[in-house]
Amino acid sequence: DAQSGGTVAVLSDEHSPIAAVAFSPGGTRVAAVGRDTLLTVWEVSTGISLFSVRSQQALSSLVFSPNGTSIAIAGYAGQIQIRNVKDGSVSALFNGQGSPITSLAISPDGLTLASGSRAGAIWLWDLKTGAKLAALSGHPGGVYALVFSPDGTRLVSSGKDNLVRVWGVPTS
C-alpha cells in the first residue's frame, strides 16, 4: 500500500514475459499483454482474472479507451485489435502499418488512435471508421512511446533517436 510501500496485489496468469500493462480509466481493472500473444484483464479489488484471450501475434502495447469500454492491443505483426473490455471480443481491426507496432495512445475524446512502429512511423487512425487520418515520421529506428495532451490537440512521441517530438494533431 502507499503508506508502507508494500505490494497490494500480485496478478498472475500465463504471461511470459509481460510486455505492457495499463490501468483502466477508473482504476478498477488492470490489463497486461505479452509476447506469448495473451491479453489478460483483472479486477483490481479482487485480483480475479476477468478474461484471457490469445491474439494471432506476439503483443507489445495496449491502451484503454477513455471511457474504459474497450482496449486497443498491438504487436509484432503490425496489426491493431480493438477489444471489448467485458469479454475480450474483437470489435475492430486496423492493418497496414507494415512494421511491428511498439506503442499506442488514444485521444482523450476517444476518437483517434495513434500507433508508433519500429520503423519510426506514427499513424493516426479514426476509431469509428478505421480510416488512416495521417502518417507522421521523425524517429529513425523506432517509436518508443506516445501520449496525447489532455485537450487532444497535440501528440508527444519518443524514439530510438533519443528525441521527444510534439506533434500538432490534425483536426477533421
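For the structure itself, consult the block above.
Along each chain, residues carry numbers from 1 onward, in the same order as the chain's sequence is written. Where local features are concerned, this predicted model is filtered to residues with pLDDT of at least 70; where side-chain atom pairs are given and counted, the filter is 80 or more; whole-chain, interface and lining totals use all residues. The basis for every side-chain value is the complete set of non-hydrogen atoms in the structure, without hydrogens or water.

1. Looking at the environment of Gly 47
Think of it this way: any DSSP run of H or I at least four residues long counts as a helix, any run of E at least two long counts as a strand, and we number them from the N terminus. For Gly 47, the position within the fold is in the loop between β3 (38–43) and β4 (49–54). Sequence separation between Gly 47 and Gln 57 is 10 residues, and the spatial gap between their C-alpha atoms is 26 Å. Residues count as neighbours in contact if any of their non-hydrogen atoms are within 4.5 Å of one another. In contact with Gly 47, not counting residues within four places along its chain, are Leu 11 and Trp 42.

2. Looking at the pairing of strand β2 (residues 29–34)
Each residue gets one of three labels from its accessible area relative to the maximum for its type: buried under 20%, exposed over 50%, partly exposed in between, using a 1.4 Å probe on protein chains only. Within β2, five of the six residues are buried, which leaves the element mostly enclosed by the surrounding structure. Strand pairing is assigned whenever DSSP detects at least two bridges linking the two strands. Note: strand β1 (residues 18–23) against β2, five bridges, orientation antiparallel. Paired with Ala 20 across the bridge in β2 is Val 33. Hairpin remark: β1 followed by β2, antiparallel, with five residues in the connecting loop; positive phi at Gly 27, about 75°. Note that β2 and β3 share five bridges and pair antiparallel. If you follow Ala 31 over to β3, its bridge partner there is Val 41. From the end of β2 to the start of β3, which pair antiparallel, there are three residues, and Thr 37 there has a positive phi angle of about 80°.

3. Topic: the pattern of salt bridges
We define a salt bridge as a side-chain nitrogen of Lys or Arg found within 4 Å of a carboxyl oxygen belonging to Asp or Glu. Enumeration according to the criterion identifies one salt bridge in this entry. Where Arg 29 meets Glu 43, a salt bridge forms, and the shortest distance between an N and an O atom there is 3.6 Å. Of this pair, Arg 29 sits in strand β2 while Glu 43 sits in strand β3, and the two are 14 residues apart along the sequence. Using a relative accessible area of 22% as the deciding quantity, one classes Arg 29 as partly exposed.

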